[in-house]
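# What the coordinates show
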Amino acid sequence: MDFEGKIGFVTGGSRGIGREIALQMAKRGAAVAIVSRGKDDAERVASEIESLGVKARGYACDVSSIDEASRVAQSAIEDLGTPDFLVNNAGIVRDKLILRMTPEDWNQVIATNLTGVYNFVRVFSPHFIKKRSGRIVNISSVIGLVGNAGQTSYAASKAGVIGLTKSLAKEFAPRGITVNAVAPGYIATAMTNDLGEEIQTKMLEMIPLRRFGTVEDVANVVIFLLSGMADYLTGHVINCDGGMVMG
Ligand SMILES: NC(=O)c1ccc[n+]([C@@H]2O[C@H](COP(=O)([O-])OP(=O)(O)OC[C@H]3O[C@@H](n4cnc5c(N)ncnc54)[C@H](O)[C@@H]3O)[C@@H](O)[C@H]2O)c1
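Model, not experiment: these values are computed from the prediction.

## Overview of the nonpolar core
Core analysis: the biggest nonpolar cluster contains 68 residues, and Ala22, Val32 and Val222 have the highest contact counts within it. In contact with Val222, not counting residues within four places along its chain, are Ile21, Val87, Val137 and Val182.

And the structure:
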């Protein structure tokens, strides 16, 4: 898993799972570009990555905008070169029961979690196709597989990511590009820390390995999919959930 000479691009890389994926890539020698909503956050993590001895850049970008995605992709190519790895990780929740969910709530989740993936795939694809190589890993969720009350928009967006992943894997296989998804279960991050203690206890009972996942658990699977060890894998969804959702 030597990534020396490789270039990685991670959306939502300023914290949580995305930050850990970016750090893991860098520890293996890859130069890394990250994007997040906040410029300061992105630049802070880029400096942290550079302290590992590789090149890094942090950009502010709203992944739901194709214009912003296009601009940031161009900057990353100019600053670091054409990426070998694209990890679409940026995501949000706006959990509400359907009767309380406004069109704005719905659209924001779909635009960020699903259209955001399309946007970066769209802007980097010509470069991957030209090189006849590239690895794309999209971060979905087990909620996209099994659904959850109060999470219709999130589940729909993450199920959409799985459909996108499988279709793109078929489209890109002849071009030497692999496309896979990782579906995390309950991972302890800022996104999930806000859930009350009662919900956390209930969740734990549903996890056969009896612990919440860590950002390292998810990053390990992503790194594997980006590595040469996963050369013959494409179109797969790997659940990283302590056995919560099987099959
Ligand atoms: N934490 C979990 O338990 C869990 C479980 C399943 C799936 N996931 C998925 O993993 C991914 C990362 O989750 P996390 O828990 O680390 O989240 P987080 O909230 O800690 O971090 C999200 C990151 O995405 C970025 N982001 C959000 N909206 C953006 C936008 N419009 N444009 C650019 N960047 C944007 C944020 O700036 C941040 O860097 C998400 O896609 C999430 O849905 C998380």
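## Looking at the pairing of strand β6 (residues 177–184)
Burial runs high along β6: 8 of the 8 residues are buried. Of the two faces of β6, the one holding Ile177, Val179, Ala181 and Ala183 and the one holding Thr178, Asn180, Val182 and Pro184 are both buried throughout. Alignment of strand β5 (residues 134–139) against β6, held across 6 bridges, turns out to be parallel. Of the residues in β6, the one forming a bridge with Val137 is Asn180. Bridging between β6 and strand β7 (residues 237–240) involves 4 bridges; their strand directions are parallel. Looking across to β7, one finds that Ala183 is bridged to Asn239.

## Here we look at the packing of helix α1 (residues 16–27) against helix α9 (residues 215–226)
One can describe the packing of α1 onto α9 by two numbers: an axis separation of 9 Å at closest approach and a directional angle of 50°. For the element pair α1 / α9, the angle class is oblique. Seen from above, α1 lies across α9 with right-handed handedness. Contacts between α1 and α9 involve Gly16, Ile17, Glu20, Ile21 and Gln24 on the former and, on the latter, Val215, Glu216, Val218, Ala219, Val222 and Ile223. Here the residues of the contact of α1 with α9 sort into 7 nonpolar, 2 polar and 2 charged.

Conventions used here
Residues numbered from 1 in each chain as written. Predicted model: local features only at pLDDT ≥ 70, side-chain atom pairs only at ≥ 80, totals over all residues. Core = buried A, V, L, I, M, F, W, Y, C linked by C-beta atoms within 7 Å. Buried ≥ 20, exposed ≤ 12 C-beta atoms within 10 Å, placed from the backbone. Contact = placed C-beta atoms within 7 Å. Helix = DSSP H or I, 4+ residues; strand = E, 2+ residues; numbered from the N terminus. Pairing = 2+ DSSP bridges. Axes fitted to C-alpha atoms, helices over the stretch in contact; angles between N-to-C directions. Parallel < 35°, antiparallel > 145°, perpendicular 65-115°, else oblique. Left-handed = near helix turned anticlockwise from the far one by under 90°. Nonpolar A, V, L, I, M, F, W, Y, C, P; charged D, E, K, R; others polar.

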